[in-house]
Amino acid sequence: GDLHNLNLDHDKALRDFQQAIELAPASAAAHLGQGIAYVGLEKYDRAVESFRKVLELHPRNTDALVNLGVAYVLAGRSAKALEAFEEALEVGLAPDVQERVRVWMGQLR
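The rules we used
Residues numbered from 1 in each chain as written. Predicted model: local features only at pLDDT ≥ 70, side-chain atom pairs only at ≥ 80, totals over all residues. Heavy atoms only, no water. Salt bridge = Lys/Arg side-chain N within 4 Å of Asp/Glu carboxyl O. Buried < 20%, exposed > 50% of the residue type's maximum accessible area, 1.4 Å probe, protein only. Helix = DSSP H or I, 4+ residues; strand = E, 2+ residues; numbered from the N terminus.

**Q** Let's hear about the pattern of salt bridges: which residues, and what values?
**A** Enumeration over the complete set of coordinates arrives at eight salt bridges. The partner of aspartate 16 in a salt bridge is arginine 15, with the nearest N and O atoms 3.4 Å apart. A relative accessible area of 22% places aspartate 16 in the partly exposed class. Judged by its relative accessible area of 42%, arginine 15 falls in the partly exposed class. For aspartate 45, the salt bridge goes to arginine 77, with nearest N and O atoms at 4.0 Å. With aspartate 45 in helix α4 (residues 44-57) and arginine 77 in the loop between α5 (62-74) and α6 (78-91), this pair connects stretches of sequence that are 32 residues apart.

**Q** Explain unusual backbone geometry residue by residue, including any values.
**A** Despite not being glycine, leucine 8 has its phi angle at roughly 60°, a positive value. Mapped onto the elements of the fold, leucine 8 is located in the loop between α1 (2-6) and α2 (10-23). One non-glycine residue with positive phi stands out, namely glutamate 42, at about 60°. With respect to the helices, strands and loops of the structure, glutamate 42 is situated in the loop between α3 (28-40) and α4.

What follows is the structure in structure tokens.
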């Protein structure tokens, strides 16, 4: 699934991640990949659901928090995006990701 997402073949990625979730419903990686595929397919509400599932499983997952913020931005929900980005910053991000998140937040304000 990850390879399909990298190749921008989000339909195939989604299929693979849905199969993975059927086999391992508690797989945070599968839900994260599914969310990324949904973003690629411009199904932002579904992406949000996937990233929220990751956070149910692992509340401090920074990949899910950042991607959740991105999905909210793309869905036009700036306030929710800011919340997700702020939480990601509180949890702690790598310096390069932290910088990008701060730039995005500045553009949303």
